[in-house]
Amino acid sequence: MNRIKKNRLKDQIFKAWGIFCTLLGIVLLAIFIGSILVDGIQRIDWDFITNLPSRKAERAGIYTALMGSVWILVLTTIIALPVGIGAAIYLEEYANKSKLSSLLEINISNLAGVPSIIYGLLGLEIFVRVIQMGSSVLAGSFTLALLILPIVIVSTREALKAVPKSIRDASYALGASKWQTVSRQLLPASSGGILTGIILALSRAVGETAPLIVIGALAYVPFAPSSPMDEFSVLPIQIFNWISRPQHGFEVNAAAGIIILLLITFVMNGIAVYFRNKWQKKFK
Amino acid sequence: MRKLLLITAVSLTVLSCGNNKKDKETSSINIDGSSTVYPVTEAIAEEYRSEDPDVDVTIGVSGTGGGFKKFGRGETDISNASRPIKEDEKKIAEQNNIDFIELEVAYDGLAVVVNPENDWVDCFTVEQLKKIWEPGAQGTITHWNQINPEWPNEEIHLFGPGVASGTFDYFTEAIVGESGSSRGDYTASEDDNVLVQGVSGDKYGLGFFGLAYYEENEDKLRMVAVDGGEGCVEPSTQTVSDGSYAPLSRPLFVYVNSSSIQNNPKVVDFMNFYLNEAPSLLKDVGYVPLTPEEYKEQKEKFKSFVEKHQNNQK
């Protein structure tokens, strides 16, 4: 065998390995989604969405957990958005390249890797006990906002970095101040990327269970929250609760709950992809 | 950016609709504690809602210990517990001036199960179970024939609840003699359904968990009788409630805070409903009711506790 043939063979082998790696994740996901769909799809109807929790699997619904999740999502967005984007703009546009700012940067990246249960403990002490929010939707949202803040900051900075230098230069050349440049040029130009980062961070937040259990989210709540100070449950807790029950009917419920939760994350990811494509075209 | 604000505004508007139910005069009852007792209390809360829809009952699942922590701080009205309150937990409650009452609401049996293909075991004595599960068995008791020479010379595979669960505490206390003392080399899971899967897929498996999980999986598992000194007894509604399935049947408790009784008449109402309705609702969730006399006893105990505290108030 000459060298050319040998190299071609290596090439083929690597290609096959690459295909295997790509398919592995997708196939596993497909198997998982398939089995969940088989188990749960027949359970999903309007009653399942609007019913309260119940001891009887066939009467139980996800209404309060779903509303809790929606509340958490909205409030977390409201809290994490301005803080995260503000911090990213400061680090990217205003901060000098000093030791302090590189220390900040390292710490923010590290925070992104802290296990979520630690944020739960932090939230329990600060928001629930010291600030005395109680085990409320607000305390849960603040905790999750902290959890996703590093992701929001990092992705916002990436989006700002991706804005072509020519846009900045043009803006300054016309005599715009830094703030005018940021607010009128950089933010609109990078909003696709920023939005993508935020939505991906929120898809993570909507699936979190551990930190919310720690701060005292409940398993049985017969009402949807009507204010940020109300107690709440969320979908992942409801699913976890069902899956550990002895009666088989609850397993079906859990599968159905998982379908709804997956649907929410898929839709959110879909929105992220849509906005990214739209903005990318605009600024090329 | 503007679009995002719009989305947020719209979703907030959507949220604020359909939430005007709660404006009426409502009172709330906060419950937390054991996840084993949770299904019972959930069933009661669900039924109580049709009795008195203006009372919001909320239930958490922090576990028996976590529940007592909140109860001792006065954060909850009622605490679910799968074991009696411990001395140090009691002390914390006393420090915070919290008087409380302990009420038994149901029985739970622990089933010892093997694979249906296992044709050699019909009955374990407590000594045999102790020999299998005590801390000293770790690494030494590894084969079935070490427990009884007539049993096969095959590895024994053990499945049980994790150390954080009240079920684990109870089993170790009843069998080994000391709560929490057990060998560590067994497959542990907080989710009993995982244990069911384990034993049902392993001919040489052995496990223990709540009776309700056996009853839902009768086709996949075989229950083993336990001899607590007076012959082999299989767990059933009958043997658990009359106490003959010893030592693996246990009572489940709820604890009620006295100041909740003084401040919120609905708590008294709810507890009366609890003790009245428990016998008929327990079957749905897989637990065993107390005998009618025992319920009567618990009701009287609660009544005198309520009277004592309502008189104190005046």
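On a predicted model such as this, the values are computed, not experimentally measured, just so you know. (Residues numbered from 1 in each chain as written. Chains lettered and ligands numbered in written order. Predicted model: local features only at pLDDT ≥ 70, side-chain atom pairs only at ≥ 80, totals over all residues. Heavy atoms only, no water.)

### Focus: the overall build of chain B
In terms of helices and strands, chain B carries 12 helices and 11 strands. Once local pairs closer than 6 in sequence are excluded, the contacts in chain B between residues at least 24 apart make up 74%. Carbon and sulfur atoms provide 47% of the accessible area of chain B, an area that totals close to 14200 Å². Each charge class in chain B can be summarised by its mean position, and for the 28 positive and 52 negative side chains these summaries are 8 Å apart. (Helix = DSSP H or I, 4+ residues; strand = E, 2+ residues; numbered from the N terminus. Contact = heavy atoms within 4.5 Å. Areas by Shrake-Rupley, 256 points an atom, 1.4 Å probe, with all protein chains shown as cover. Lys, Arg positive; Asp, Glu negative; His and termini not counted. Charge placed at Lys NZ, Arg CZ, Asp CG, Glu CD.)

### Brief notes about the state of the cysteines
Residues and elements named next belong to chain B. As enumerated under the stated definition, the model contains 1 disulfide over all chains in all. Sulfur-sulfur distance for the disulfide between Cys 123 and Cys 232 comes to 2.0 Å. Taking the sign of the S-S torsion, -100 degrees for the link of Cys 123 and Cys 232, the bridge is left-handed. Of this pair, Cys 123 sits in strand 5 (residues 123-125) while Cys 232 sits in strand 10 (residues 232-233); the two residues are 109 residues apart in sequence, bridging distant segments of the chain. (Disulfide = S-S within 2.5 Å.)

### Some remarks on the domain arrangement of chain A
Many authors give the size of an interface as the accessible area that is lost as the parts come together. Residue and element names in this part refer to chain A. Domain boundaries assigned for chain A yield domain 1 (3-43) and domain 2 (48-282). Here the C-alpha centre of domain 2 lies 30 Å away from the C-alpha centre of domain 1. Here domain 1 and domain 2 share an interface that buries about 780 Å² over both sides, 77% of which is from carbon and sulfur atoms. When the area that domain 1 buries against domain 2 is broken down by residue, the three leading residues are Ile 33, Ile 36 and Arg 43, summing to 66%. Between the two partners, domain 1 and domain 2, sit 0 salt bridges. Remark: the boundary between domain 1 and domain 2 carries 4 residue pairs in polar contact (both at pLDDT 80 or more). Looking at the side of domain 1 that touches domain 2, its residues break down into 5 nonpolar, 2 polar and 2 charged. (Domains from an automatic or database assignment. Buried area = accessible area lost by both parts, 1.4 Å probe. Salt bridge = Lys/Arg side-chain N within 4 Å of Asp/Glu carboxyl O. Polar contact = N/O pair within 3.5 Å; in protein donor to acceptor, adjacent residues only side chain to side chain. Nonpolar A, V, L, I, M, F, W, Y, C, P; charged D, E, K, R; others polar.)

### What to know about the UniProt feature "domain: ABC transmembrane type-1" (unreviewed entry) in chain A
Under the present numbering, the feature "domain: ABC transmembrane type-1" (unreviewed entry) in UniProt falls on residues 66-272 of chain A. As annotated, residues 66-272 of chain A comprises 77% helix and 0% strand, and the C-alpha atoms at either end are separated by 21 Å. (UniProt positions renumbered as here; feature names shortened; annotations may be inferred.)

### Details of the interface of chain A and chain B
On the chain B side, the residues contacting the 39 residues of chain A number 40 residues. Carbon and sulfur atoms supply 56% of the area buried between chain A and chain B, which totals about 3500 Å² over both sides. For the chain A face of the interface with chain B, the top three residues by lost area are Arg 55, Tyr 220 and Pro 246 of chain A, together amounting to 22%. Linking chain A with chain B are 7 salt bridges. Salt-bridge contacts for Asp 284 of chain B lead to Lys 56 of chain A; the nearest nitrogen and oxygen are separated by 3.4 Å. Our count for the chain A to chain B interface comes out at 18 residue pairs in polar contact (both at pLDDT 80 or more). At the level of secondary structure, the elements contributing two or more residues to the side of chain A that touches chain B comprise helix 3 (63-94), helix 8 (178-206), helix 10 (235-243) and helix 11 (248-282) of chain A. In terms of residue count, the dominant contributor to the side of chain A that touches chain B is helix 3 of chain A (7 residues).

### A look at the nonpolar core
Core analysis: the largest hydrophobic core is formed by 85 residues, its most contacted members being Phe 124, Trp 144, Leu 206, Phe 270, Tyr 274 and Phe 302 of chain B. Top element by residues in this core is helix 11 (residues 265-285) of chain B. It accounts for 11 residues. Counting residues domain by domain, this core receives three or more from each of domain 1 (29-107 + 251-313) and domain 2 (109-249) of chain B. The residues contacting Phe 270 of chain B, other than those within four sequence positions of it, are Ile 29, Ile 31, Ile 44, Ala 45, Tyr 48, Val 57 and Ile 78 of chain B. Within the second largest apolar cluster, 72 residues are counted, among which are Ala 139, Leu 144, Val 234 and Ile 237 of chain A. (Core = buried A, V, L, I, M, F, W, Y, C linked by side-chain atoms within 4.5 Å. Buried < 20%, exposed > 50% of the residue type's maximum accessible area, 1.4 Å probe, protein only.)

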